Amino acid sequence: MEAGGLEWLLVPMHQLVSWGAAGAMVFGGVVPYIPQYRDIRRTQNAEGFSTYVCLVLLVANILRILFWFGRRFESPLLWQSIIMIITMLLMLKLCTEVRVSNELNIKRRSFAAADSKDEEIKAPPKRSYLGTELLLCSLGLLLGMFYCQ
């Protein structure tokens, strides 16, 4: 058989492998967080999960997206950043809900045990991460617009 005769098979296979690799790049970073999300939801315990990792990944992916506006790169890497930001926000939402719920339960138990009316149950601010990320995005966009002109 000639090499030209196999071209009808090689071109679609090359395209299929290319799409598979792009899909693996986009969703490969999210896969490790699926079992963690399910475990935290099932056990209602988020003590083994660090929210600082989420912060670092959010900052890194936002910076990557801001860099994309200045110098375009492959679209699967852009989609990977978008998917990772969504994933990290979902993980932070779940961890915040679980931790606030656990803290409120502990404070209720101690409040009932102490039988004191001086204690007050305060939940931590829920929007601190989102506000920080929005501020970072705004500053990055302003700097990008300033330097791109």
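Description of the structure in this document. (Residues numbered from 1 in each chain as written. Predicted model: local features only at pLDDT ≥ 70, side-chain atom pairs only at ≥ 80, totals over all residues. Heavy atoms only, no water.)

**Details of unusual backbone geometry**
Most peptide bonds take the trans configuration, and most residues that are not glycine carry a negative phi.
Move 1: Located in the positive-phi region is Gln 44, a residue other than glycine, with phi close to 55°.
Move 2: With respect to the helices and strands, Gln 44 occurs in the loop between α2 (33-43) and α3 (51-70). (Helix = DSSP H or I, 4+ residues; strand = E, 2+ residues; numbered from the N terminus.)

**With respect to the nonpolar core**
Move 1: The biggest cluster of nonpolar side chains holds 20 residues, and the ones touching the most others in it are Tyr 33, Ile 40, Phe 49, Cys 54, Met 88 and Met 91.
Move 2: Every element with two or more residues in this core is listed here: α2, α3 and α4 (75-114).
Move 3: With nine residues, α4 is the largest single contributor of residues to this core. (Core = buried A, V, L, I, M, F, W, Y, C linked by side-chain atoms within 4.5 Å. Buried < 20%, exposed > 50% of the residue type's maximum accessible area, 1.4 Å probe, protein only.)

**Comments concerning the pattern of salt bridges**
Move 1: For the structure shown, the criterion picks out two salt bridges.
Move 2: Note that Asp 39 is salt-bridged to Arg 42, the shortest N-O span being 2.6 Å. Of this pair, Asp 39 and Arg 42 both sit in helix α2, separated by three residues, roughly a single helical turn.
Move 3: Residue classification places Asp 39 among the partly exposed positions, given a relative accessible area of 35%.
Move 4: According to the relative accessible area criterion, Arg 42 is exposed, its value standing at 63%.
Move 5: Salt-bridge contacts for Glu 97 lead to Lys 93; the nearest nitrogen and oxygen are separated by 2.8 Å. Remark: Lys 93 and Glu 97 occur in helix α4; sequence separation between them is four residues, near one turn of the helix.
Move 6: Residue Glu 97 is classed as partly exposed on the basis of its relative accessible area of 40%.
Move 7: Since its relative accessible area comes to 49%, Lys 93 is described here as partly exposed. (Salt bridge = Lys/Arg side-chain N within 4 Å of Asp/Glu carboxyl O.)

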